[in-house]
Amino acid sequence: MTRAGFPPESERGRLSIGIAGAGLLGRLLAWQLGRAGHRVSVHDPAADAEPSFDGRQAAGFTAAGMLSPLAELDNSSAEVAALGWRSLALWRGIVAALRTRPACRTDGSLLLAHHSDLGAAQRVLARLAAAPPGTPQAEALPAGRLAQIEPSLQGAAHAWLLPQEGHIDTVAALRALHAEAPGVDWHWRSTVRAVEPGALVLADGGRPRFDLVFDVRGTGASPELPVRGVRGEMVWLHAADHGLTRPVRLLHPRHRVYLVPRAADTVLVGASEIESADRSPVSLRSAVELMAAAHSVMPALAEARIVRLDVNLRPALPDNEPRLDVAPGRVRINGLFRHGWLITPALVEDALQRCGLAEPLRPPETVHG
Ligand SMILES: Cc1cc2nc3c(=O)[nH]c(=O)nc-3n(C[C@H](O)[C@H](O)[C@H](O)COP(=O)(O)OP(=O)(O)OC[C@H]3O[C@@H](n4cnc5c(N)ncnc54)[C@H](O)[C@@H]3O)c2cc1C
């Protein structure tokens, strides 16, 4: 036996692999393992592969898709940031390999502060300056520069560019990973009650066996894992020709407010972060505060139309750090919290390498805008 008790590569052909959960992790795993020629079955309680926007879908659909290894240093570890920088390169390779090419840009994000929030901004920037040497640092934008690079942003007194950060269209990416995963059996309306080494225990009494299983059920892995849900609320706005090209964070006394462009006519505004597993609809207070903050730096949003208020739970472990457990017959990945899109490609690469299962994807030379 080799790494983590898996059979050596020479004895391995096409493996049968069971995946519990068809969210972000589940779809990326299925896509990569299917491409590597393994027989993959995915089980998920959702009705089908499409987002439902009812508070019960995969958190990956609700996410804004910010890829912010530098900004996330404000409230996460250096390990998360390192996974994030690796993942940014890996996303470029994944997107380039998908026929439908979900939008994914990595030309920086912006941090904005109103005059009264300069002190708070400086405290955040001091935390970001703890980034390891050699990684990009926040750059203060001189007056007038913001108007040149993002003319739709007006009203903020201070602005910084966080170079090389990015964002991805989460709904398009999840759709593409499902649609383009070769030979994968998707079992919808199939709840996994327990994940045992080499077997999935289904709610309908079935117990399919596999060479290897992945437990990537997010908040659905409770109580087998001590995972909790952290409520997050998002506003989808229709704003024709909004012109915004980069994600924007705005310092705010209560929320980590951000605006993320999604196509030429859609801007997402998020997100609350509430220690609660409440999946009920978005509160008036969160909606008002998020939209007022967004409008204060992007005045054109006054005429935007509210097309959707979305809510979901981020899967978080007690230390708010991601966890990858590799054991014979079973791999568990969970605790992606507010960074799932940021870190999933690197976590999946680590998981597959530790199982000796697939060649890591390498980013291509070209970058798609
Ligand atoms: C409001 C909000 C904004 C966010 N913004 C960002 C962002 O900008 N950038 C970023 O990097 N991250 C963001 N995130 C975090 C990111 O969405 C999550 O970290 C990520 O989706 C977690 O991936 P996952 O695959 O572990 O879980 P999920 O994507 O939630 O997928 C879990 C899947 O497991 C399925 N499942 C549940 N129970 C069972 C069961 N019993 N049996 C079988 N299947 C089951 C679910 O139906 C679901 O399909 C945000 C999250 C929220 C809520």
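Located above this text is the structure these notes cover.
To keep things clear, this report deals only with the structure shown in the data block. Think of each chain on its own: its residues are numbered from 1, step by step along the sequence as written. This being a predicted model, a pLDDT of at least 70 is required before a residue's local features are given, and a value of 80 or more before pairs of side-chain atoms are given or counted; all residues contribute to the totals for chains, interfaces and linings. Based on all heavy atoms of the structure, the side-chain values leave hydrogens and waters out of the count.

### Thoughts on the packing of helix α3 (residues 78-97) against helix α8 (residues 340-355)
For the record, the criterion: Interaxial angles span 0 to 180 degrees and are taken between N-to-C directions of axes, which are lines fitted to C-alpha atoms, for helices over the stretch in contact. Every helix listed is a DSSP run of H or I at least four residues long, and every strand listed is a run of E at least two residues long, numbered separately from the N terminus. Note on angle classes: values under 35 degrees are labelled roughly parallel, values over 145 roughly antiparallel, values of 65 to 115 roughly perpendicular, and the remainder oblique. A contact between two residues is defined here by any heavy atoms of the two lying within 4.5 Å. Amino acids outside the nonpolar list (Ala, Val, Leu, Ile, Met, Phe, Trp, Tyr, Cys, Pro) and the charged list (Asp, Glu, Lys, Arg) are all regarded as polar, and Gly is one of them.
Here α3 crosses α8 at 85°, and the two axes come no closer than 6 Å. The orientation of α3 with respect to α8, classified from their angle, is roughly perpendicular. Taking contact as the criterion, the partners of V80, L83, G84, R86, S87, L90, W91 and I94 in α3 are, on α8, W341, L342, I343, T344, P345, A346, L347, E349 and D350. Of the residues in the contact of α3 with α8, the class split is 11 nonpolar, 3 polar and 3 charged.

### Looking at the site of the ligand
Note the threshold: Working definition: residue near molecule or strand if any one of its non-hydrogen atoms lies within 4 Å of it. For this analysis, a polar contact is any N or O atom pair within 3.5 Å, provided that within protein one partner can donate a hydrogen and the other can accept it, and provided that sequence-adjacent residues contribute only side-chain to side-chain pairs. For every accessible area listed, the method is Shrake-Rupley and the probe measures 1.4 Å; residues are considered covered only by the protein chains on display.
Close to the ligand lie 35 residues; D44, M66, F337, W341 and L342 are nearest. A59 is positioned such that a nitrogen or oxygen atom in its backbone is 2.8 Å from an oxygen atom of the ligand. Contacts to the ligand include G65, whose backbone N or O atom sits 3.2 Å from an oxygen atom. Burial of the ligand by the protein amounts to 93% of the accessible area it has alone, namely 1,000 Å². At the level of elements, α1 (24-35), α2 (59-62), β13 (228-238), β17 (305-316) and α8 are the ones that each hand at least two residues to the shell around the ligand. When the residues that make up the shell around the ligand are grouped by side-chain class, the tally is 18 nonpolar, 13 polar and 4 charged.

### Looking at helix α7 (residues 284-297)
Rules: The span you would expect from a helix comes to 1.5 Å times its residue count less one. For the exposure calls, accessible area comes from a 1.4 Å probe over protein chains only, and a residue counts as buried if that area is under 20% of its type's maximum, exposed if over 50%, partly exposed in between.
Look at α7: 21 Å from first C-alpha to last across 14 residues, which is about the 20 Å you get at 1.5 Å a residue. Along α7, the residues classified as buried are S286, A287, E289, L290, A293, A294 and V297. On its buried face, α7 sits against β5 (109-113), β13, β14 (248-250), β15 (257-261) and β16 (266-270).

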